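Fold and geometry: a report
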Amino acid sequence: MAARALGWLTVLALIAGLGAAFGWAPREAVQGNVQRIMYLHVPAVLTAYLAFALVFVGSVGYLLTRRAGWDRLALAAAEPGVLFTGITIASGSIWGKPTWGTWWTWDARLTSTAVLFLVYVGYLLLRGMVDEPDRRARAAAVVGILGAANIPIVHFSVKWWRALHQPSTILGPEPSPIAAPIAAALLINWIAFTLLFAYLLAKRMEIAQLEDTHAG
Amino acid sequence: MVQAEHLRKTYGRTAVLDDVSLDLGAGEGLTLLGPNGTGKTTLLRIVATLLRPTSGLLRVAGADAVKEPEAVRGAIDMVGHGSWVYEDLTALENLRFWAVMGGHDAGEARLRAALEEVELDASADQRARTFSAGMKRRLALARVLLGRARLLLLDEPFTGLDRAGRKWLGEFLLSFKARGGALVVATHSFDAGVGVADRVAILAGGRIVLDRPAADLGLEDLRRVYDELAMGPGTAS
Amino acid sequence: MSVYVRRAWMVVWKDVLAERRSKESLNALVFFSLLLLFVFQFALGPERARVEAALPGLLWLGFILSGLLAFGRAFLIERENDCWEGLVLTPGDKSAIYLGKLAGNVLVMIVVEVVLLVLFAVFFAIDFTPFLLGLAAVLALGTLGLASVGTLFGAVTAQMRARELLFPVLLLPAVVPVLLASVSATQTVLAGEPLAEAAAWLKLLAAADLVYLVVGVLTFEFVLEG
């Protein structure tokens with residue numbers, strides 16, 4: 001019942017987000033319509049970070065309590081987390097093509113997101129390699145904890161590495177002074193993505209629980 | 001020493017152990033009989049805190065084996081399928097390693113004395129790679145001698161030993177018991193396993209189908225019961 | 001000497017002894033380094049300037065590839081004769097075993113790194129002597145970072161199927177910061193600049209090492225349970 005309500009709320013929020021992104025928010029002066037991809041890109045990356053934070057919480061929770069619920073939380077957060085980092089990278093690429101003239105550039109933000117993507121794809125691969133639930137949960141938890149602890153280190157190392165090799169002439173996806181309607185449209189989309197994530201998380205946990213009770 | 005109540009271990013939908021209850025006093029010897037694949041090793045590994053039961057209660061050496069495995073680990077020792085022997089270390093070096101890891105006295109005199117007790121003193125400085133299975137098991141038993149275990153778990157200890165080796169091992173286990181240690185010997189070989197037991201339990205299909213003092217049953221009775229109950233899983237009704 | 005340190009030391013002692021007798025890993029690793037050198041040479045061509053420009057990256061590529069092989073093997077010895085069980089049943093803090101294994105891995109890496117540096121010096125006629133001090137600092141911090149994650153993930157994957165594939169897939173993205181920082185700092189050092197120029201990178205490496213070590217020490221007991 002609650003999940004259903006959350007589902008509908010998510011749909012409404014996503015529609016509102018689309019409206020805000022394409023109708024209400026003005027065309028950005030410098031970049032034109034291309035800038036609108038930011039309404040996808042920024043909420044996606046923020047949601048991904050939220051997801052990986054939850055993977056961390058679930059991992060620590062499992063190691064401390066050994067309750068399967070925590071492991072289900074970690075799994076249910078990791079999958080959408082990978083999805084949202086994927087969206088971040090893809091949308092960044094699509095934005096990069098008209099803006100920088102190339103699909104991929106080793107921009108600091110894109111690169112560190114790509115590294116996170118690889119870390120958590122590895123996490124999901126690892127989960128696929130172990131059948132015994134407790135062993136799988138423990139191994140995954142260790143990787144999940146290290147992965148999360150690594151996020152700030154990855155972030156800084158990539159940022160400094162970019163600064164070293166190419167002083168920041170390239171602007172990040174966000175133009176610096178954000179106009180109020182743009183900020184509001186971002187906020188709406190961010191809320192919509194968080195709701196979407198919460199819905200996916202709840203559903204995935206439900207499925208994982210069914211898997212645990214029926215197949216093991 | 002071991003109190004197990006309604007232990008259950010499942011992998012997916014298959015139950016390897018189903019409602020296993022056991023009560024083993026200090027200094028008591030239990031032989032766990034059963035054909036291969038009936039959950040003997042699983043039960044032994046659960047008692048050793050190497051595996052967690054899916055459900056049920058387990059106290060070993062007075063501590064909850066699931067909640068405080070560390071307390072259990074100080075009181076038990078194990079000789080499993082593998083003998084915890086590093087092939088490229090000598091017998092003496094192997095002993096020294098496990099003595100230090102277990103927090104025991106690792107003085108060379110003491111190590112050599114333990115090797116002498118298991119009749120490996122002549123091979124003390126040879127690499128374990130050259131040892132037979134029986135010698136490796138003796139080396140594992142020397143390791144047991146160094147510790148202060150009050151409960152010793154053995155998984156198929158008689159396998160691969162010749163007649164003299166079985167006899168020797170039987171005597172070793174009796175002397176361990178005589179010093180007040182409790183034993184659980186899991187074995188599928190009927191003859192070798194019963195000699196050291198105060199109690200015999202038969203495990204079939206993940207359940208304990210018989211648990212009696214060894215004295216209550218004549219050897220012939222027991223053999224008949226074992227053959228009937230355990231040798232043909234499914235026929236045990 | 002406390003029991004904890006004695007246990008950690010025992011793990012190093014045992015692994016070094018076994019390795020010295022079996023020579024299973026080190027011989028092959030040294031030979032592997034030599035092969036890498038040829039691969040680099042063929043990939044880059046004979047032009048000396050290209051080798052020099054790529055040198056910091058090549059060095060760390062060599063280290064990390066050798067590390068992937070070495071770390072992935074470190075726990076295999078424990079699978080023989082169920083020694084792993086014995087380690088689990090060892091009373092006391094299991095992180096002593098992690099630190100012992102880590103020290104062993106660092107030792108192996110030091111040998112490999114020295115060999116690779118000598119090979120580079122000989123085959124590419126590069127004189128490392130003026131940079132040795134700075135290089136040692138970068139190598140020490142970078143190696144500790146690689147090995148602390150490598151030891152932990154090596155233990156995580158030791159009992160898994162497709163271990164030899166899974167291990168690099170997990171380790172490589174996780175050590176990207178170590179790689180970036182080490183290569184950049186090595187570049188600074190080999191350019192003849194003072195070590196202070198690379199201070200930011202060295203601090204990042206030290207911070208990363210600390211984080212990885214703490215995670216390794218805290219989580220290892222859960223990994224060991226097998």
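As a starting point, this report considers the structure included with it. Given the structure is predicted, the values throughout are model-derived calculations rather than measurements.

Moving on, we come to the overall build of chain A. From N to C terminus, chain A includes six helices and zero strands. In sequence order, chain A lays out its α and β elements as α-α-α-α-α-α. Taking 17 Å as the expected radius of gyration for a compact globule of 216 residues, we find that chain A reaches 19 Å, a close match to that expectation. Along the first, second and third principal axes, the C-alpha atoms of chain A reach 55 × 45 × 25 Å.

On to the overall build of chain B, then. A tally of helices and strands in chain B yields eight helices and ten strands. For chain B, the spread of C-alpha atoms along the three principal axes comes to 55 × 40 × 30 Å.

All names here are of chain C. Among the secondary structure elements, Val112 is positioned in helix α5 (residues 95-123). On a C-alpha basis, the gap between Val112 and Gly134 in space is 18 Å, while along the polypeptide they are 22 residues apart. Not counting residues within four places of it along the chain, the set of residues in contact with Val112 comprises Leu29, Ser33, Phe63, Ser66 and Ala70.

It is worth spelling out the interface of chain A and chain C at this point. Tallying the contact residues gives 27 residues for chain A and 26 residues for chain C. Listed by contribution, the elements that provide at least two residues to the side of chain A that touches chain C are α4 (108-129) and α5 (133-165) of chain A. The greatest single-element share of the side of chain A that touches chain C, amounting to 18 residues, is contributed by α5 of chain A.

Next up on the list: the nonpolar core. By size, the foremost hydrophobic cluster in this structure holds 211 residues, and its most contacted members are Ala74 and Val142 of chain A together with Val47, Leu95, Leu153 and Val184 of chain B. Among all residues touching Leu95 of chain B, those that are not within four sequence positions of it are Leu111, Ala114, Leu115, Ala142, Arg143 and Leu146 of chain B.

Another point: the interface of chain B and chain C. Across the boundary between the two partners, chain B contributes 23 residues, which contact 21 residues of chain C. Counting only elements with at least two residues in the side of chain B that touches chain C, the list comes to α2 (69-73) and α3 (91-101) of chain B. Tallying contributions element by element places α3 of chain B first for the side of chain B that touches chain C, with five residues.

All names here are of chain C. Packing of helix α3 (residues 48-73) against helix α8 (residues 176-190) leaves a shortest axis separation of 8 Å and a crossing angle of 135°. By the angle class used here, α3 and α8 are oblique. In this structure, the crossing between α3 and α8 has a hand that is right-handed. Residue-level contacts link Leu55, Pro56, Gly57, Leu59, Trp60 and Ile64 of α3 to Leu179, Ser182, Val183, Thr186, Gln187 and Leu190 of α8. Tallied by class, the residues present in the contact of α3 with α8 amount to eight nonpolar, four polar and no charged.

Attention now goes to the packing of helix α2 (residues 26-44) of chain C against α3 of chain C. All names here are of chain C. In the contact formed by α2 and α3, the axes pass within 10 Å of each other and the chain directions differ by 145°. As α2 runs across α3, the sense of the crossing is right-handed. Between α2, through Leu29, Phe32, Ser33, Leu36, Phe40 and Leu44, and α3, the contact on the second element is made entirely by Arg50, Val51, Ala54, Leu58, Gly62, Leu65, Ser66, Leu69 and Ala70. A per-class count over the contact of α2 with α3 returns eleven nonpolar, three polar and one charged.

Now for the sheet that holds strand β8 (residues 182-187) of chain B. All names here are of chain B. One open sheet holds the six strands; their spatial order is β6-β7-β8-β3-β9-β10, and the pairing between them is mixed. Sheet topology places β6 (76-79) and β10 (207-213) at the edges, where each strand pairs with a single neighbour. Mean inter-strand twist for the sheet, computed between neighbouring axes without regard to direction, equals 15°. In the packing of helix α5 (residues 133-146) onto the sheet, contacts are made with β6 and β7 (151-155), and the angle to β6 comes to roughly 175°.

Extensive coverage of α3 of chain B is indicated by the burial of ten of its eleven residues. All buried positions along α3 of chain B are accounted for by Ala91, Leu92, Asn94, Leu95, Arg96, Phe97, Trp98, Ala99, Val100 and Met101 of chain B. Residues of α3 of chain B that are buried make contact with α4 (108-117) and α5 of chain B together with α1 (3-22) and α4 (83-89) of chain C. Looking one or two residues past α3 of chain B, Gly103 of chain B carries a phi angle of roughly 80°, positive in sign.

Conventions and cut-offs
- Residues numbered from 1 in each chain as written.
- Chains lettered and ligands numbered in written order.
- Predicted model: local features only at pLDDT ≥ 70, side-chain atom pairs only at ≥ 80, totals over all residues.
- Helix = DSSP H or I, 4+ residues; strand = E, 2+ residues; numbered from the N terminus.
- Rg over C-alpha atoms; globule rule 2.2 N^0.38 Å.
- Contact = placed C-beta atoms within 7 Å.
- Core = buried A, V, L, I, M, F, W, Y, C linked by C-beta atoms within 7 Å.
- Buried ≥ 20, exposed ≤ 12 C-beta atoms within 10 Å, placed from the backbone.
- Axes fitted to C-alpha atoms, helices over the stretch in contact; angles between N-to-C directions.
- Parallel < 35°, antiparallel > 145°, perpendicular 65-115°, else oblique.
- Left-handed = near helix turned anticlockwise from the far one by under 90°.
- Nonpolar A, V, L, I, M, F, W, Y, C, P; charged D, E, K, R; others polar.
- Pairing = 2+ DSSP bridges.

In short, the description is geometric, and any link to function would need to be established separately.
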